[in-house]
Amino acid sequence: MPRPLHIALRMGLLGLVLAAGAVPLGPFPALGPLLDPAAGVWAVARHATLPRSAALGVAGLGDSVMVRIDDRGVPHIWAGSEEDAYRALGYIVARDRLFQMELQTRATAGRLTEWVGPAALPSDRLMRSLRLAASAERDYAALDPASSEAVMLRAYADGVNAWIATMSRSALPLEYRLLGVRPEPWRPEHSLYLAKRMSWTLSYSRHELQRSRVAALVGEEAADALMPRNSAIQEPVQPNGRGPTVAFAAVPPPGAPIRSAPAAERALLDPPADGWNDAPLGSNNWAAGPSRTRDGYALLAGDPHLDLTLPSIWYEVHIVVPGALDAYGVTIPGGPGILIGFNRDLAWSFTNSSADVADFFRETVDDSLAPTRTRLGDGWRPVERRIETYRGKRGGTVATDTLYASHRGPLLRLPEGWISLRWTALDSGSVMGAIQDGAKAASADAWLAAMERFVVPPQSGLVADRRGTIALRAAGHYPLRPDDEGGRLRDGASAASDWLGFRPLPRQPFAKNPAQGYLASANQQPIDPAYDRGYLGRDWPAPWRALRINALLRLDSAATPESFRAHQTDPGSPRAEAFLPAFVSAARGSADTAARRAAELLAEWDARYTRHNERAILFELAMRRLPDAIWDELADSAGRRPYTPGALVVAALLRDPESLWWDDRRTPSRETRDTILAQSLGRAYAEALESLGPPDGGGWRWDRAAGMDIHHLLRLPALSALDVPNQGGPGTLSPMALDGTHGASWRMVVRLGPIVEAWTVYPGGQSGNPASPWYRNRIPLWSAGSLEPALVPAMPDDLPPSRVVATLRLGG
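All values reported here derive from a predicted model rather than from experimental measurement.

1. Quick word on the overall build of the chain
Point 1. Helix and strand content of the chain: 24 helices and 33 strands.
Point 2. The C-alpha atoms of the chain give a radius of gyration of 26 Å, which matches the 28 Å a tight globule of 812 residues would have.
Point 3. Reported as C-alpha extents along the three principal axes, the dimensions of the chain are approximately 75 × 65 × 60 Å.
Point 4. Taking all contacts inside the chain whose residues are at least 6 apart in sequence as the whole, residues at least 24 apart take part in 72%.
Point 5. Total accessible area computed for the chain in this model is approximately 28,700 Å², and 53% of it derives from carbon and sulfur atoms.
Point 6. For the chain, the distance from the average site of its 87 positive side-chain charges to the average site of its 88 negative ones is 3 Å.

Next comes the structure, spelled out in structure tokens:
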């Protein structure tokens, strides 16, 4: 029996339901339907594998489509038209990932209460207040029905619905059975929901609200220093021609509170990643031109860092339409385009640009309880009002809200008053067309031209082609503010506060065939402010990964696919190198015996997050204690902070040992830098002893103390992969915070020679069926840092018969 299902059944069905109930997803259905021998949970195993050969009816196809699935579970689709190819793609992906597709659609639309009841109400309210689904539907309605993008979206939806229509009762995915629900038809605009959801994950910045609350606590000057406009270390995406530069500024002491700080609105304020711990919600990509590679061909590597889930966020696929499209890579289930991948001429990847593309405005309204107008200059603008009803599993009303929108966007009532949101994700425009055209490009220049249509979320797109060109463009819309500044609440009553437009293409971060011979992006500040001081954002992710990959590429003038693959799990960490000496020095001089012993142990560490090292965990536990000790001025009575400054701010404080920030106001003594560092390390040592045992007993090994947790979408433990070993940690190229739930969601290396070759892996498997051999079969490879060669046949018969596990002929 396949291992995932075997584990689940060993728990017993009741155990499965109770495990799911740990995250309040009930009420669950009665056991009777689940135990039905013909179509209950046991039927999952019957649909875990594919027939060796089958002819399947798929309504709407213009001609038959050949699909061959290789032994890695990757479908290779040959179709006579792009429309048929996307229809077949929708059918195949739905067969493997239908529940995942509908889950993310419902999450974006704010309709999870219909599946799980009131437990999902906070999430649903946030999504509906942000109007993501409404924006996607408006974008779809604005498309020319005859455009290639509209045709693609409709064809994909037709394919998904063809699977739903022909799916037998016994083939219903396990999750639907556990929740007692049935799939809904897929609409073309649901694919655009996906792009909006990614925008929320990657571009929904809340700098204004965070800074407002920080300034209320410690003053304007301190707030500016804690959320700086420019990174203190510059290793920008657009090469600056001078390598890394360091310019730490003094951090002014906390000032007097301006007013009592507004209570935090958690859903609106909590950032998607913790900048202090360098949690890896980001990405890496890099490329080397022919002059920097052993074989004289361009090389490209890409690995986006996102939530790690089972099934994975990615689905690997190869699509061939003779004379029109021959592309390989990954799509996100629900989206018809290949987002990251390669074709016969080029390869591409993306990292999040981390730019600020959302602003909040403090609005003047005519009625503080139920506004109908907002002031603008000497006049008033009408407020849109709509009633939102949240339904439960049986159709009853869970809650009802009145939601508002100004002419700028969603209008939200917060402790600061009425706030409106202007955000590029809610502007008109879709990225699907740009992705579609990019996959068909035959040169780097053509791919760059396709990316000019890309709107949001803003991305650093990297491309390399067989001619040896490497290039990078910050794709997306970057707002131009009237004062060339962001991160402060704006006066909504003044028209002078509104955006002036978007940064013109020549001023967007860009590089092509730079003199250094390589390019790299890792979410760092895109342009060195010494070159262009225009505002793109603030409070940038610390450039630890950018520093490391640039250092590796500078040292390697004969790069190979093997070296690129090794770089993706390189254990070096400039972050650890920056903080390690300070901890050791401070603790060695401490009167605390535990701190001194901890310093001895930490001094043995080389600041590398190898799997077998036994000291990284001590360092991370010490780092985790620092924010509470340093930023007590930012905490409320319950110890909650509206914002935690990033690691570069603390690195600046290391240079000022007597700064008032080091003093913990909750104690009668006056702490300094060395006091806090020694205390943090000593307490981390005690914590490690208590939870992990003696330092050389095996429990401190990094791969045992800090494994990755790849959760099932419903957080069912039996269907998750927990404590997966990982080489890497915060600030490394294979990043991992101590919660272990984010990381490298896809790894790809491509050599752009006469014949394009690629190696790929992701932490999961192609199937969403936990009984399938392709449910999590790739996790061991991913954990080991290994990639597999991608099979890229030009014709169906080019696939070696021994590598084909199924041949499907799809017809109308």
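2. Examining the packing of helix H19 (residues 593-602) against helix H22 (residues 673-692)
Point 1. Interaxial distance between H19 and H22 falls to 8 Å at its minimum, and their mutual angle equals 80°. By the angle class used here, H19 and H22 are roughly perpendicular. Along its contact with H19, which presents Ala594, Ala595, Arg597, Ala598, Ala599, Leu601 and Leu602, the element H22 presents Ala678, Leu681, Gly682 and Tyr685.
Point 2. Looking at the contact of H19 with H22 residue by residue, the class counts come to nine nonpolar, one polar and one charged.

3. Comments concerning the pattern of salt bridges
Point 1. Scanning the model with the defined rule gives 63 salt bridges in all.
Point 2. For lysine 440, the salt bridge is made with glutamate 82, and the minimal N-O distance between the two is 3.2 Å. With lysine 440 in helix H14 (residues 432-440) and glutamate 82 in helix H4 (residues 82-109), the pair connects residues that are 358 residues apart, well separated along the chain.
Point 3. Of the residues examined, glutamate 82 reaches a relative accessible area of 22% and is grouped as partly exposed.
Point 4. Residue arginine 111 pairs with glutamate 184 through a salt bridge whose shortest N-O separation is 2.9 Å. Note that arginine 111 is positioned in the loop between H4 and helix H5 (113-116) and glutamate 184 in the loop between helix H9 (174-179) and helix H10 (190-203), a separation of 73 residues in sequence.
Point 5. Accessibility expressed as a relative area gives 23% for arginine 111, which makes it partly exposed.
Point 6. Taken together, the shared-partner salt bridges connect Glu102, Arg106, Arg111, Glu114 and Glu184 into one network.

4. A few points about H19
Point 1. Taken residue by residue, H19 has Ala595, Ala598, Ala599, Leu601 and Leu602 as its buried positions. End-on view of H19: buried residues confined to an arc of 160°, all on one side of the axis.
Point 2. Contacts from the buried residues of H19 go to helix H18 (574-588), helix H20 (616-630) and H22.

5. Concerning the side chain of arginine 776
Point 1. If you trace the backbone, arginine 776 turns up in the loop between strand E31 (756-761) and helix H24 (779-783).
Point 2. A polar side-chain atom of arginine 776 sits 2.5 Å from the main-chain carbonyl oxygen of serine 720.

6. Concerning the packing of aromatic side chains
Point 1. Enumeration according to the criterion identifies 19 aromatic pairs in this entry.
Point 2. Ring geometry for tyrosine 404 versus tryptophan 418: centroids 5.4 Å apart, planes at 85°, classification edge-to-face. Residue tyrosine 404 is found in strand E17 (residues 397-405), and its partner tryptophan 418 is found in strand E19 (residues 417-423); the two are separated by 14 residues along the sequence.
Point 3. Since its relative accessible area comes to 9%, tryptophan 418 is described here as buried.

What counts as what
- Residues numbered from 1 in each chain as written.
- Predicted model: local features only at pLDDT ≥ 70, side-chain atom pairs only at ≥ 80, totals over all residues.
- Heavy atoms only, no water.
- Helix = DSSP H or I, 4+ residues; strand = E, 2+ residues; numbered from the N terminus.
- Rg over C-alpha atoms; globule rule 2.2 N^0.38 Å.
- Contact = heavy atoms within 4.5 Å.
- Areas by Shrake-Rupley, 256 points an atom, 1.4 Å probe, with all protein chains shown as cover.
- Lys, Arg positive; Asp, Glu negative; His and termini not counted.
- Charge placed at Lys NZ, Arg CZ, Asp CG, Glu CD.
- Axes fitted to C-alpha atoms, helices over the stretch in contact; angles between N-to-C directions.
- Parallel < 35°, antiparallel > 145°, perpendicular 65-115°, else oblique.
- Nonpolar A, V, L, I, M, F, W, Y, C, P; charged D, E, K, R; others polar.
- Salt bridge = Lys/Arg side-chain N within 4 Å of Asp/Glu carboxyl O.
- Buried < 20%, exposed > 50% of the residue type's maximum accessible area, 1.4 Å probe, protein only.
- Arc of directions from axis to C-beta.
- Polar contact = N/O pair within 3.5 Å; in protein donor to acceptor, adjacent residues only side chain to side chain.
- Phe/Tyr/Trp six-rings, centres within 6.5 Å; stacked < 30°, edge-to-face > 60°.

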